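# Structure assessment
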Amino acid sequence: MSKQTEKGGFWSTPLASSAIKTDEVKLPEMLMGYLIGPFGALLSSGIFTSFLNKYFTDVLLLDTGFLSALQLVSTLLIVAANLIVGQLIERTKCLAGKARPWVLLSALTLSVASLLMFVVPFQNEMAKMVWIAIAYNLYYAVAYPIYNTANSTLVPVSTRNSQQRGSLASFTNIAGLGVMGVGSMIFPILVSNVMGNSQPMWFLVMLAIAIFSALTIFLQYKFTRERVTEESMTSGNAQENAAPPLGQQLKAVASEKWWWITILFYMDFQWAGAMKNGSMSYFCQWVIDATPLGGDWGVAQTLLSVMGAIPMAVAALFVVPLANKFGKRNLCFAGMVLGVVGGVIAGMGGSNIVPVAIGVALKCLGSSPACYLILAMLADVIDHIEFKNGIRTDGLTMSIYSSLMVASTPIMNAVFMAMLGSGYDAAATAQSTAVQVTIGISYIWVETIAFAVDALLVLFFTVEKNLPAEQAAIAERKKQE
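Before going into details, it helps to say that this report is about the structure given with it. (Residues numbered from 1 in each chain as written. Predicted model: local features only at pLDDT ≥ 70, side-chain atom pairs only at ≥ 80, totals over all residues. Heavy atoms only, no water.)

## Side note on the overall build of the protein chain
- When helices and strands are tallied, the protein chain shows 18 helices and zero strands.
- Here the C-alpha atoms of the protein chain give a radius of gyration of 22 Å, agreeing with the 23 Å that 2.2 N^0.38 yields for 481 residues.
- C-alpha atoms of the protein chain, sized along the principal axes, occupy 70 × 50 × 40 Å.
- Buried positions account for 58% of the 481 residues belonging to the protein chain.
- Sequence separation of 24 or more characterises 84% of the internal contacts of the protein chain that already satisfy a separation of 6 or more.
- Of the roughly 18500 Å² that the protein chain leaves accessible, carbon and sulfur atoms contribute 70%.
- For the protein chain, the distance from the average position of its 28 positive side-chain charges to the average position of its 27 negative side-chain charges is 7 Å. (Helix = DSSP H or I, 4+ residues; strand = E, 2+ residues; numbered from the N terminus. Rg over C-alpha atoms; globule rule 2.2 N^0.38 Å. Buried < 20%, exposed > 50% of the residue type's maximum accessible area, 1.4 Å probe, protein only. Contact = heavy atoms within 4.5 Å. Areas by Shrake-Rupley, 256 points an atom, 1.4 Å probe, with all protein chains shown as cover. Lys, Arg positive; Asp, Glu negative; His and termini not counted. Charge placed at Lys NZ, Arg CZ, Asp CG, Glu CD.)

## Looking at the packing of aromatic side chains
- Summed over all chains, the structure comprises 24 aromatic pairs.
- Where Tyr139 meets Tyr140, the ring centres are 4.9 Å apart and the plane angle is 85°; that geometry is what we call edge-to-face. An identical accessibility class is assigned to Tyr139 and Tyr140; each is buried.
- An aromatic cluster is defined as three or more aromatic residues linked by ring pairs; in this entry it consists of Phe48, Tyr55, Phe56, Phe118, Tyr136, Tyr139, Tyr140, Tyr144 and Trp202.
- Against the face of Tyr282 rests Lys54, its NZ or CZ located 5.1 Å from the ring centre. (Phe/Tyr/Trp six-rings, centres within 6.5 Å; stacked < 30°, edge-to-face > 60°. Lys NZ or Arg CZ within 6 Å of the ring centre and 35° of its normal.)

## Let's talk about the pattern of salt bridges
- On inspection of all chains with the given rule, the structure shows 19 salt bridges.
- Among the ionic pairs, Arg225 bridges to Asp23, the shortest N-O distance being 3.4 Å. Within this pair, whereas Arg225 is found in the loop between α7 (199-222) and α8 (227-235), its partner Asp23 is found in the loop between α1 (3-7) and α2 (27-59), the two being separated by 202 residues in sequence.
- Overall, Asp23 belongs to the exposed group, its relative accessible area being 58%.
- With a closest N to O distance of 3.2 Å, Asp380 and Arg165 form a salt bridge. Within this pair, whereas Asp380 is found in helix α15 (residues 353-389), its partner Arg165 is found in helix α6 (residues 162-195), the two being separated by 215 residues in sequence. Pair check on accessibility: Asp380 and Arg165 agree, each one buried.
- Sharing partners across several salt bridges, the network here consists of Glu90, Lys98, Arg160, Arg165, Glu231, Lys328, Asp380, Asp383, Glu386, Arg392, Asp394 and Glu464. (Salt bridge = Lys/Arg side-chain N within 4 Å of Asp/Glu carboxyl O.)

## A closer look at unusual backbone geometry
- With a phi angle near 55°, Leu61 is a residue other than glycine that sits in the positive phi range.
- Relative to the helices and strands, Leu61 is located in the loop between α2 and α3 (64-90).
- Here Leu61 falls in the exposed class, since its relative accessible area comes to 58%.
- Despite not being glycine, Val120 shows a phi value in the positive range, around 40°.
- With respect to the element layout, Val120 can be found in the loop between α4 (100-116) and α5 (125-158).
- For Val120, a relative accessible area of 4% translates into the label buried.

## So, helix α11 (residues 257-286)
- For α11, built from 30 residues, the straight-helix expectation of 44 Å at 1.5 Å per residue is met to within 8% by its first-to-last C-alpha distance of 43 Å.
- Of all bends in α11, the biggest is about 45°, found at Ser279.
- Burial of α11 is extensive: 22 of the 30 residues sit out of reach of the surface.
- One side-chain oxygen at the N-terminal end of α11 lies 3.1 Å from the backbone nitrogen of Trp258; it belongs to Glu256. (Expected span 1.5 Å × (residues − 1). Bend = angle between axes of the 7 residues up to and from the residue. Polar contact = N/O pair within 3.5 Å; in protein donor to acceptor, adjacent residues only side chain to side chain.)

## Observations concerning the environment of Leu264
- Mapping Leu264 onto the fold places it in helix α11.
- Among the residues examined, Leu264 registers a relative accessible area of 38% and is labelled partly exposed.
- Sequence separation between Leu264 and Ile211 is 53 residues; the distance between their C-alpha atoms is 35 Å.
- With near-sequence residues (within four places) excluded, Leu264 lies in contact with Asp454 and Leu457.

## A closer look at α5
- Counted at 1.5 Å a residue, the expected span for α5 with its 34 residues is 50 Å, and the 48 Å between its end C-alpha atoms agrees.
- At Tyr144, α5 is bent by approximately 45°, the largest bend along its length, and proline Pro145 sits one to four residues beyond.
- Burial within α5 is extensive, with 25 of its 34 residues counted as buried.

Shown next, in the form of structure tokens:
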């Protein structure tokens, strides 16, 4: 442990010390550290998921070919950045923990980077593309990996209590779903009725969001605590305090079947959802018949978002208790099956908003167990790997988790842009049948098929069965050491 850690230094000052003093996870920690903090931090990302493509094509008038190439190439940088940040977190040793210092840094980096794509001081097409390429990667390949990997790591290091981790994971994912709701419910009306294609208006709105993000990220830092990390810090065991070599971590996770099942489940789930979210505004503008809503596609998108948000909000009250009773595996399986049913109903609805809305509601209800429990599932697997191998793999696992999350938006947006191709015309009053079919497949059927695959995958997730005994063995081993 460094001298700064032993003496306290900056991390023991009132500004940097944690406001959480209890050994048990209490409501203030849940609300401030795992709901309000992540909500503010991820708000810009939720808006980007639904509207960044539309801002690029309709406000900046950028070429779809350039956007597709940019987002695909950037994915390599995004994945590399997440892996690097994961190892930096694993090697961070201070009184604040190993993830929380990076959360604090994000109050500056994430808020500033989220604003740069809305400055664009050039009118020249080439200069504009260069600026966007740089700004895009500063956000997605630098600032966002720092925050998201650290934020994801907080759940497994917060406590060893599996039920409390389930609650924290649920709060974190409620925050993520909340920002998606803002991006798909409130923002469409702002775009269609206030912001339009005015770049100055986009800048002012994103400036306000950036300030809000900085404040809430600081609150998250203050109202979190890494109890599992503290176990190693107070044990005095030099080997335990040292970060395991990357090769050892890779061997530990790569040899664990439940780790692969959970990661593949999440990748399929997240990437299909990114395709749906990225194509939603296009679906509402060009496919849905918004005549019953006054012909306003923004109102149509808000309606579909509300129909998806209500069942997920209700499910938030029941997912953790049901998971504690029936198990995460069984609940996620039932949810995926319900999601497939909802997807089929929405797909058969065509341009009729009523069956589409009903199907979307069922699909979102079915997705809620996976949304709320995925971090808890990964935390269970990390404990199992520690039981088998004697090392923690939080940093590596959460950097891969974060890579999949962050890369999902640019990859699937690039795929969607490529699918639209030259057939899409932002200035048109209507799109061709081929473009409408492409948008419908992207918004409804990609995720529906993914849910069917995930239902089969989660049947093999049985790590919960022996987890209490394994956690007891870990505790006993630490006492002996």
